[in-house]
Amino acid sequence: MLQYKIVPVTQFQQNCSVIWCDKTRQAAVVDPGGDIPKIESVLTDNDLTLEKILLTHAHIDHAGATANLSDQFELPVEGPEWEDKFWIDALPQQSAMFGFPQARTFTPDRWLKDGDIVTVGEETLQVFHCPGHTPGHVVFYHPETKLALVGDVLFNGSIGRTDFPRGDYDTLVHSIRSKLWPLGDDVSFVPGHGPMSTFGQERRSNPFVKDL
């Protein structure tokens, strides 16, 4: 079974997640924006072996510590989709602009695309390309537990910003309705910031994407 622990990191309180396979104790970190010691504490407390980094997108609060964490644990990086390369290349500028510790660029070991599968131990997650917040944003979905890690695509009561370079509101709304809603109302999701919710709750009450 897939387990998870949400680890708020950086001054933006971004929901970094540690996910792991209960059987093998192999783990992945999703969106390590910073505060590596907090991530290490979760690994130690749960007797986990970190095997990879997964990225939904490359904004500084989600990807800022990727290079350092990858070097420290000798980890491969999977994601995001290739269209976010310009955000990875701009990580040093992003860190200076938002007052983050100096972030280094990196090249993912695997660019992800819609329909891909990623593994954590013996567990598998489906990859959905959901542009709009950023052009290369991806979502990770674990069908057995009906858990989605959606980054900044969707929030409890809101959606991701679309005023950053190459963001687009209509594209984001289309991504949510065409890629996420078909997975089912009973899917719980970890957003990039704030509390969890379900797709069903957002379809009923989210003013940006609720059913008409």
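Everything below is about the structure shown above.
All residue numbers refer to positions counted from 1 along the written sequence of the respective chain. Local features in this predicted model are restricted to residues whose pLDDT is 70 or higher, and side-chain atom pairs enter the listing and the counts only when it is 80 or higher, whereas totals over whole chains, interfaces and linings include all residues. Side-chain figures throughout are based on the complete set of non-hydrogen atoms in the structure, without hydrogens or water.

Asker: Describe the overall build of the protein chain, listing the residues and the values that go with them.
Answerer: Helix and strand labels come from DSSP, where a helix needs a run of H or I of at least four residues and a strand needs a run of E of at least two; each type is numbered from the N terminus. Within the protein chain, the regular secondary structure consists of seven helices and 13 strands. The size measure is the radius of gyration over C-alpha atoms, and the globule rule it meets is 2.2 Å times the number of residues to the 0.38 power. Relative to the 2.2 N^0.38 estimate, which gives 17 Å for 212 residues, the radius of gyration of the protein chain is 16 Å and therefore close to what a compact globule would have. Principal-axis analysis of the C-alpha atoms gives the protein chain an extent of 50 × 40 × 30 Å. Relative accessibility under 20% of the residue-type maximum defines a buried residue, over 50% an exposed one, and the middle range a partly exposed one, all with a 1.4 Å probe and only protein chains included. Looking at the protein chain as a whole, 53% of its 212 residues qualify as buried. Whether two residues touch is decided by their heavy atoms; if any such pair falls within 4.5 Å, the residues are in contact. Partitioning the intrachain contacts of the protein chain with sequence separation of at least 6 by distance along the chain shows that 59% fall at a separation of at least 24. In these tables, accessible area is a Shrake-Rupley quantity obtained with a 1.4 Å probe, and a residue counts as shielded only by the protein chains included in the view. Surface accessibility of the protein chain: about 8,900 Å² in total, with carbon and sulfur atoms responsible for 51%.

Asker: Requested: an account of the sheet that holds strand S9 (residues 147-151), with residues and values cited.
Answerer: In a beta sheet, neighbouring strands pair by backbone hydrogen bonds and run either parallel or antiparallel. In this description, strands pair whenever DSSP reports at least two bridges between them. With respect to topology, six strands assemble into an open sheet ordered S6-S7-S8-S9-S12-S13, the strand pairing being mixed. Looking at strand neighbours, the two that pair on one side only are strand S6 (117-120) and strand S13 (197-198), the edges of this open sheet. Pairing of strand S12 (residues 188-191) with S13, which is carried by two bridges, proceeds in the antiparallel orientation. If you follow Ser 188 over to S13, its bridge partner there is Thr 198.

Asker: Hey, could you go over the packing of aromatic side chains for me, with residue numbers and the actual values?
Answerer: Pairing of aromatic rings covers Phe, Tyr and Trp, the last counted by its six-membered ring, and requires centre-to-centre distances within 6.5 Å; plane angles under 30 degrees mean stacked, over 60 mean edge-to-face, and any other angle means tilted. In the structure shown here, the tally under the stated rule is six aromatic pairs. Relative to Trp 87, the ring of Phe 86 has its centre 5.1 Å away and its plane inclined at 35°; by these criteria the two rings are tilted. Note on Trp 87: relative accessible area 9%, which makes it buried.

Asker: Give me the pairing of S12: which residues, what numbers.
Answerer: Alignment of S9 against S12, held across four bridges, turns out to be parallel. Bridging across to S12, Gly 151 finds its partner in Pro 191. In sequence, S12 turns back onto S13 through a hairpin of five residues, with Gly 194 there showing a positive phi of about 85°.

Asker: A description of the environment of Gly 200 should follow, citing residues and the corresponding values.
Answerer: Inspection of the secondary structure puts Gly 200 in helix H7 (residues 199-205). The spatial distance from the C-alpha of Gly 200 to the C-alpha of Lys 23 is 30 Å, given a sequence separation of 177 residues.

Asker: Quick one: what's the story with a nonpolar patch on the surface, residue by residue and with numbers?
Answerer: On the surface, a cluster of nonpolar side chains totalling about 310 Å² of accessible area is made up of Phe 12, Met 97 and Phe 98. Position of Phe 12 among the secondary structure elements: in the loop between strand S1 (2-9) and strand S2 (14-21). The patches described consist of residues with a relative accessible area above 30% and no salt bridge, like charges being joined within 9 Å and nonpolar side chains (Val, Leu, Ile, Met, Phe, Trp, Tyr) within 5 Å. Salt bridges are identified by distance alone: a Lys or Arg side-chain nitrogen within 4 Å of an Asp or Glu carboxyl oxygen.

Asker: Provide a residue-level description of the sheet that holds strand S5 (residues 77-78), including the pertinent values.
Answerer: Pairing within the open sheet is mixed, and its five strands lie in the order S1-S2-S3-S4-S5. Two strands lie at the open edges of the sheet, namely S1 and S5, each paired on one side alone. Relative to strand S4 (residues 49-54), strand S3 (residues 26-30) is paired through five bridges, and the arrangement is parallel. Bridging across to S4, Val 30 finds its partner in Leu 54. Orientation is described by axes fitted as lines to C-alpha atoms, over the contacting stretch for helices, and by angles from 0 to 180 degrees between their N-to-C directions. Against the sheet, helix H1 (residues 36-45) engages S1, S2, S3 and S4, with an angle of about 155° to S1. Sheet contacts for helix H3 (residues 66-73): S3, S4 and S5; angle to S4, the most-contacted strand, approximately 150°.

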